[in-house]
Amino acid sequence: MPKLSETRLYNDHPWAVPVVPDVSEPYFAQTMPWQIPEPVLELIEQMFIEVEEYFNSSRLPIEGVIYEIKEVFGQLDISSFTPHSEVTTY
């Protein structure tokens, strides 16, 4: 299996590609490339899989938007929205 990367995660989970808002100052809305170590990428992949499993088991289309995933002061910060509170409570 190829090394885990941001690109591979997006290829495997296309619904998770960050949505860039259409704003007049696009520079501040652009996501930064990840500088995240592979063990953390594995956690992100597991999160994506669990989100997909929730929607599949509920027989719902994936309703969620990710705006950005970044590491801030050693913690993972995920900016996202979904109308399903079950997804965000994990």
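Residues numbered from 1 in each chain as written. Predicted model: local features only at pLDDT ≥ 70, side-chain atom pairs only at ≥ 80, totals over all residues. Heavy atoms only, no water.

Brief notes about the packing of aromatic side chains
- Following the criterion strictly, the structure yields two aromatic pairs and no others.
- Look at Trp 15 and Phe 48: their rings are 5.4 Å apart centre to centre, the planes differ by 70°, and that puts the pair in the edge-to-face class. Placement of the pair is Trp 15 in the loop between helix 1 (6-12) and helix 2 (38-57) and Phe 48 in helix 2, with a sequence separation of 33 residues.
- With a centroid separation of 5.1 Å and 75° between ring planes, the pair formed by Tyr 54 and Phe 55 is classed as edge-to-face. In terms of burial, Tyr 54 and Phe 55 fall into one category: buried. (Phe/Tyr/Trp six-rings, centres within 6.5 Å; stacked < 30°, edge-to-face > 60°. Helix = DSSP H or I, 4+ residues; strand = E, 2+ residues; numbered from the N terminus. Buried < 20%, exposed > 50% of the residue type's maximum accessible area, 1.4 Å probe, protein only.)

Structural notes on the confidence of the model for the chain
- In this model, the chain carries an average pLDDT of 83, and 86% of its residues clear a pLDDT of 70 or more.
- Averaged pLDDT values over the elements of the chain bottom out at 81 in helix 3 (residues 85-88) and peak at 92 in helix 2. (pLDDT = per-residue confidence, 0-100.)

Digging into helix 2
- Its 20 residues give helix 2 an end-to-end C-alpha distance of 28 Å, which sits within 8% of 28 Å, the value for a rise of 1.5 Å per residue.
- Taken as a whole, helix 2 has its buried residues at Val 40, Leu 41, Ile 44, Glu 45, Phe 48, Val 51, Glu 52, Tyr 54 and Phe 55.
- Contacts from the buried residues of helix 2 go to helix 1, strand 1 (65-72), strand 2 (75-81) and helix 3.
- Where helix 2 terminates, the next one or two residues include Arg 59, which has phi positive at roughly 55°. (Expected span 1.5 Å × (residues − 1). Contact = heavy atoms within 4.5 Å.)

Points about the pattern of salt bridges
- Taken as a whole, this structure holds three salt bridges when the rule is applied.
- One salt bridge in this structure joins Glu 45 and Arg 8, with 3.2 Å as the shortest N-O distance. With a gap of 37 residues between them, Glu 45 in helix 2 and Arg 8 in helix 1 connect regions that are remote in the sequence.
- One salt bridge connects Lys 70 with Glu 68, and the closest N-O pair in it is separated by 3.7 Å.
- Look at the salt bridges and you will find they share partners, linking Arg 8, Asp 12 and Glu 45 into a network. (Salt bridge = Lys/Arg side-chain N within 4 Å of Asp/Glu carboxyl O.)

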